[in-house]
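# Working through the structure, step by step
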Amino acid sequence: GTGFFPAVNRNKKSLVLDLKRPEGKTIMDRLIETADVLVENFAPGTIERLGFGYDHVSKINPRMIFCSLKGFMPGPYEKRPALDEVCQMMGGLAYMTGPAGRPLRAGASVLDIMGGSYGVIGIVTALYERERTGRGQHVLATLFESVVMLMAQNMAVAAITGKPSPPMPERGRSWSVYDLFETSDTEQVFVGITSDAHWQRFCTSFGYDDLRTDSRLATNNSRVDERDWLLPELHRRLAKLTRAEIMKKAEEACIPFAPIARPEDLFDDPHLNQSGGLLETTLPDGRKTKLPRIP
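Model, not experiment: these values are computed from the prediction.

All right, on to the sheet that holds strand 6 (residues 257-259) then. Strands sit in the order 4-5-6 across an open sheet of three strands; the sheet is antiparallel. Of all the strands in the sheet, just strand 4 (177-182) and strand 6 have a single pairing partner and so form its edges. Pairwise comparison of adjacent strand axes, ignoring direction, gives a mean angle of 15° for this sheet.

A word on the sheet that holds strand 1 (residues 37-40). A sheet is described by the order of its strands in space; here three strands give the open sequence 1-2-3, paired in parallel fashion. Each edge of the open sheet carries a strand with a single partner, namely strand 1 and strand 3 (138-142). Taking each pair of neighbouring strands and ignoring which way they run, the sheet shows an average axis angle of 15°. Sheet topology places strand 2 (residues 65-70) next to strand 3; five bridges connect them, and they run parallel. Bridge pairing in strand 3 links Lys 70 to Thr 142. Here helix 7 (residues 110-133) sits on the sheet and contacts strand 1, strand 2 and strand 3; the angle it forms with strand 2, its principal contact strand, is near 165°.

For the rest of this paragraph, the subject is the pattern of salt bridges. In the structure shown here, the tally under the stated rule is 13 salt bridges. A salt bridge links Arg 130 to Asp 36, with the shortest nitrogen-to-oxygen separation between them at 2.9 Å. One end of the pair, Arg 130, is in helix 7; the other, Asp 36, is in the loop between helix 2 (22-34) and strand 1, and 94 residues separate them in sequence. Classification of Arg 130 by relative accessible area gives buried; the value is 7%. Of the charged contacts in the structure, one is a salt bridge between Asp 209 and Arg 212, with a shortest N-O distance of 3.6 Å. On the criterion of helical spacing, the pair formed by Asp 209 and Arg 212 is a turn pair, its members being three residues apart in helix 11 (residues 209-212).

Turning next to unusual backbone geometry. The residue Thr 186 is not glycine, and still its phi comes out positive at about 60°. Residue class for Thr 186 comes out exposed when judged on its relative accessible area of 70%. Phi at Cys 254 is positive, roughly 55°, even though this residue is not glycine. With respect to the helices and strands, Cys 254 occurs in the loop between helix 14 (243-253) and strand 6.

Looking now at a nonpolar patch on the surface. Taken together, the side chains of Phe 4, Val 8 and Ile 113 define a hydrophobic patch exposed on the protein surface, amounting to about 260 Å² of accessible area. Along the chain, Phe 4 falls in helix 1 (residues 4-8).

As a further point, take the nonpolar core. Membership of the largest hydrophobic core comes to 21 residues, with the highest contact counts inside it found for Trp 199, Phe 202, Tyr 208 and Leu 234. Of all the secondary structure elements, the ones that give two or more residues to this core are strand 4, strand 5 (188-193), helix 10 (196-206), helix 13 (227-238) and helix 14. Grouped together as the second largest cluster of nonpolar side chains are eleven residues, Leu 19, Ile 47, Leu 50 and Phe 66 included.

Here we come to the packing of helix 10 against helix 14. Two elements in contact, helix 10 and helix 14, have axes whose closest approach is 9 Å; the angle formed by their N-to-C orientations is 135°. The orientation of helix 10 relative to helix 14 falls into the category oblique. Considering how the two elements wind past one another, helix 10 and helix 14 form a crossing that is right-handed. Residues Arg 201, Phe 202, Ser 205 and Phe 206 of helix 10 form the contact with helix 14, whose own contacting residues are Ile 246, Lys 249, Ala 250, Glu 252 and Ala 253. Class assignment for the residues of the contact of helix 10 with helix 14 results in five nonpolar, one polar and three charged.

Criteria and thresholds
Residues numbered from 1 in each chain as written. Predicted model: local features only at pLDDT ≥ 70, side-chain atom pairs only at ≥ 80, totals over all residues. Heavy atoms only, no water. Pairing = 2+ DSSP bridges. Helix = DSSP H or I, 4+ residues; strand = E, 2+ residues; numbered from the N terminus. Axes fitted to C-alpha atoms, helices over the stretch in contact; angles between N-to-C directions. Contact = heavy atoms within 4.5 Å. Salt bridge = Lys/Arg side-chain N within 4 Å of Asp/Glu carboxyl O. Buried < 20%, exposed > 50% of the residue type's maximum accessible area, 1.4 Å probe, protein only. Patch = residues over 30% accessible without salt bridge, like charges linked within 9 Å, V, L, I, M, F, W, Y side chains within 5 Å. Areas by Shrake-Rupley, 256 points an atom, 1.4 Å probe, with all protein chains shown as cover. Core = buried A, V, L, I, M, F, W, Y, C linked by side-chain atoms within 4.5 Å. Parallel < 35°, antiparallel > 145°, perpendicular 65-115°, else oblique. Left-handed = near helix turned anticlockwise from the far one by under 90°. Nonpolar A, V, L, I, M, F, W, Y, C, P; charged D, E, K, R; others polar.

The values reported here are purely geometric and, on their own, carry no functional implication.
Okay, here's the thing in structure tokens:
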């Protein structure tokens, strides 16, 4: 957990209790008396075996919001051990991320974060409900159901078309220009043109008057039809420019674009630093760094 611990545990006080010993149980009961929320992430059934299931907790503090973060909702998979990557594989995300035949987990623990975030939504809703009823309740959020929510769009496409959803690297594009482009300084820039106004501004900013006036390229649908020659031509032209030149012209044209950033690049991102998106954080060894604020 090298990165996870300092990323999500800053500004927290820490206390270790042995809940198998009477002394630990006594202290836990005292904490429950005045707490608003208890979050547990043990394997299924563990918190109950330790004597601190929702029934016990709610007797001590009926206003307590008790949140369980698990792998699966009640059902056939309920008692399976679950991990972020396991659920990415079984929930369709790995299939959709990698090229055909090569399922690939996402480059971050997205389900751990999503499951926790859905847990927070449930906690906040339960706190709001408590204002009306005076009582807490049990909130359950899970990894598997979170990844299935990520698949909702692709499931809907399959339902509408009656065809399997191809992985993202293999799918057709709704937009004529929505691609990564190599630059003259061996970098890459993503450029997305999602409207006819974008196309006109792109051609004007980059000086491509011949493309701007080409009747074959007047609409997004017609540009999609011409992709076989249009995209190679754009790759050839943009490859003559540096990453900085492409980004400058794309920003002037007010079209979607993105440099390909690595995580360590974000420490020096000018927007994050000026907008307050990074928070000074003390690492466990005492060193200072900057990590993202809650978005």
